[in-house]
Amino acid sequence: MKAIAVSEFKGTPTLMDLPKPAIRPGTVLIKVQAAGMNPFDWKMTDGIMNNGKTPHQFPLIMGVDGAGVIEEVGEGVTRFKKGDLVYGQFIHMPIGEGSYAEYAIVPEKSGLTIAPMRIQPEEAAAVPTSGMTALQMVEKLKLQKGDAVLINGATGGVGSFATQIAAAKGLKVIATVGDEDDAKRMHRLGAAVTINYKKAPLADQVKAKFPQGVDGLLDLIGNKEKFEQNLDLVKEGGGALTTQFVADDEVLKAKKLHGGNFETEGSPAALDQLSRLIDQGQIKVPVENKIRLEDAPAAIAASREGKATGKTVIVM
């Protein structure tokens with residue numbers, strides 16, 4: 001089978017011919033239809049999980065998010081059957097049996113579930129990591145209908161989902177954008193207010209529009225300094241979360257805010273919740289780029305350089 005893999009940590013991702021995985025007890029073999037790309041995928045090849053406790057195998061096939069059809073079920077599998085359309089996070093031990101491949105083997109008990117009915121596999125593959133992160137972040141803020149939430153980094157994968165999920169909950173979403181096209185797209189996704197961070201400092205613009213402050217902050221891109229500046233925009237008792245692991249609990253406590261550093265907890269239950277929102281039409285899946293497997297190395301390089309725009313999906 002064809003797959004994108006590396007031969008060593010920090011190796012160059014390459015299109016390789018590798019053996020089709022053999023079914024094992026407790027696993028399913030998936031004919032992959034699409035794989036969603038995330039920066040975490042290349043961070044894994046750089047060794048972000050190489051802590052001495054997590055087994056890796058080489059060639060290490062990249063990719064966490066995926067969607068496809070179950071071709072074979074292993075001994076003891078009860079949740080799935082041959083022919084099921086599934087999606088989710090394919091990551092498991094050993095690291096290296098990922099979704100950037102024509103076939104993938106995934107344990108039944110991993111973050112895998114039946115795919116939403118209303119969307120295509122290439123859209124489903126874009127959902128798992130970004131969608132679960134957005135869903136759990138919005139829930140963790142514990143905001144009430146009518147509250148205002150500032151999403152810094154709203155136009156990315158997580159931000160696009162968070163905007164829709166927050167709007168569906170009745171929150172007033174303030175989305176950061178870089179141009180007029182972004183502004184139009186974010187309004188279509190449910191943002192009540194858009195703020196072009198290129199026109200003037202973000203904090204100044206938010207204070208002008210919301211002098212009393214906002215109720216919550218989701219910061220998906222800010223460094224430590226920017227995150228702490230944005231905390232000044234949040235009312236006492238409000239919540240602030242960052243995916244960049246730059247939060248200082250003491251600073252949040254001093255400002256009487258809850259939240260801090262956020263880490264996604266992938267689960268079939270969270271995916272099922274996203275599936276319901278998608279099938280009810282409350283979430284549109286934002287896929288900006290569809291590429292072939294052989295184009296993935298160039299797309300990975302662009303992501304590393306910060307030049308990637310929008311959600312990219314590999315279609316098999």
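Since we're looking at a predicted model, the values are computed, not measured. (Residues numbered from 1 in each chain as written. Predicted model: local features only at pLDDT ≥ 70, side-chain atom pairs only at ≥ 80, totals over all residues. Heavy atoms only, no water.)

So, on to the overall build of the protein. Counting its secondary structure elements, the protein contains 10 helices and 17 strands. In terms of overall size, the protein behaves like a compact globule, its C-alpha atoms giving a radius of gyration of 20 Å where 316 residues would be expected to give roughly 20 Å. On the principal axes, the C-alpha backbone points of the protein span a range of 60 × 40 × 35 Å. Split into buried and exposed, the 316 residues of the protein put 52% on the buried side. For the protein, the proportion of contacts with a sequence separation of at least 24, taken over those separated by at least 6, is 66%. Total accessible area computed for the protein in this model is approximately 14,500 Å², and 50% of it derives from carbon and sulfur atoms. With 37 positive and 38 negative side-chain charges, the protein shows a spacing of 4 Å between the two charge centroids. (Helix = DSSP H or I, 4+ residues; strand = E, 2+ residues; numbered from the N terminus. Rg over C-alpha atoms; globule rule 2.2 N^0.38 Å. Buried < 20%, exposed > 50% of the residue type's maximum accessible area, 1.4 Å probe, protein only. Contact = heavy atoms within 4.5 Å. Areas by Shrake-Rupley, 256 points an atom, 1.4 Å probe, with all protein chains shown as cover. Lys, Arg positive; Asp, Glu negative; His and termini not counted. Charge placed at Lys NZ, Arg CZ, Asp CG, Glu CD.)

Moving on: the side chain of T176. Within the element layout of this structure, T176 appears in strand β11 (residues 172-177). Its relative accessible area of 3% is what places T176 among the buried residues. Of note is the side chain of T176, whose polar atom sits 2.9 Å from the backbone nitrogen of G153. Not counting chain neighbours up to four residues away, the residues in contact with T176 comprise L150, I151, N152, G153, A154, T155, I195, Y197 and L202. (Polar contact = N/O pair within 3.5 Å; in protein donor to acceptor, adjacent residues only side chain to side chain.)

Our next topic: the sheet that holds strand β10 (residues 148-152). The 6 strands lie next to each other as β12-β11-β10-β13-β14-β15, forming an open sheet whose pairing is parallel. At either end of the open sheet lies a strand with only one pairing partner, and these are β12 (193-196) and β15 (258-261). Taking the axes of each pair of neighbouring strands and ignoring which way they run, one obtains an average angle of 20 degrees across the sheet. Where helix α3 (residues 128-141) meets the sheet, it contacts β10, β13 (214-219), β14 (234-242) and β15, and its direction lies at approximately 160 degrees from that of β14. (Pairing = 2+ DSSP bridges. Axes fitted to C-alpha atoms, helices over the stretch in contact; angles between N-to-C directions.)

Grouped together as the largest cluster of nonpolar side chains are 44 residues, with contacts concentrated most on Y87, V149, I151, I165, L218 and L274. Taken together, the elements giving at least two residues each to this core come down to α3, β10, α4 (157-168), β11, α5 (180-188) and α9 (268-279). With 6 residues, α3 is the largest single contributor of residues to this core. Of all hydrophobic cores here, the second largest spans 20 residues; its members include A203, L217, L231 and A247. (Core = buried A, V, L, I, M, F, W, Y, C linked by side-chain atoms within 4.5 Å.)

With that settled, the discussion passes to the packing of α3 against α9. One can describe the packing of α3 onto α9 by two numbers: an axis separation of 10 Å at closest approach and a directional angle of 90 degrees. What the angle tells us is that α3 and α9 run roughly perpendicular. Where α3 abuts α9, its residues P128, G131, M132, L135, Q136 and E139 lie against A270, L271, Q273, L274 and L277. Considered class by class, the residues forming the contact of α3 with α9 number 7 nonpolar, 3 polar and 1 charged. (Parallel < 35°, antiparallel > 145°, perpendicular 65-115°, else oblique. Nonpolar A, V, L, I, M, F, W, Y, C, P; charged D, E, K, R; others polar.)

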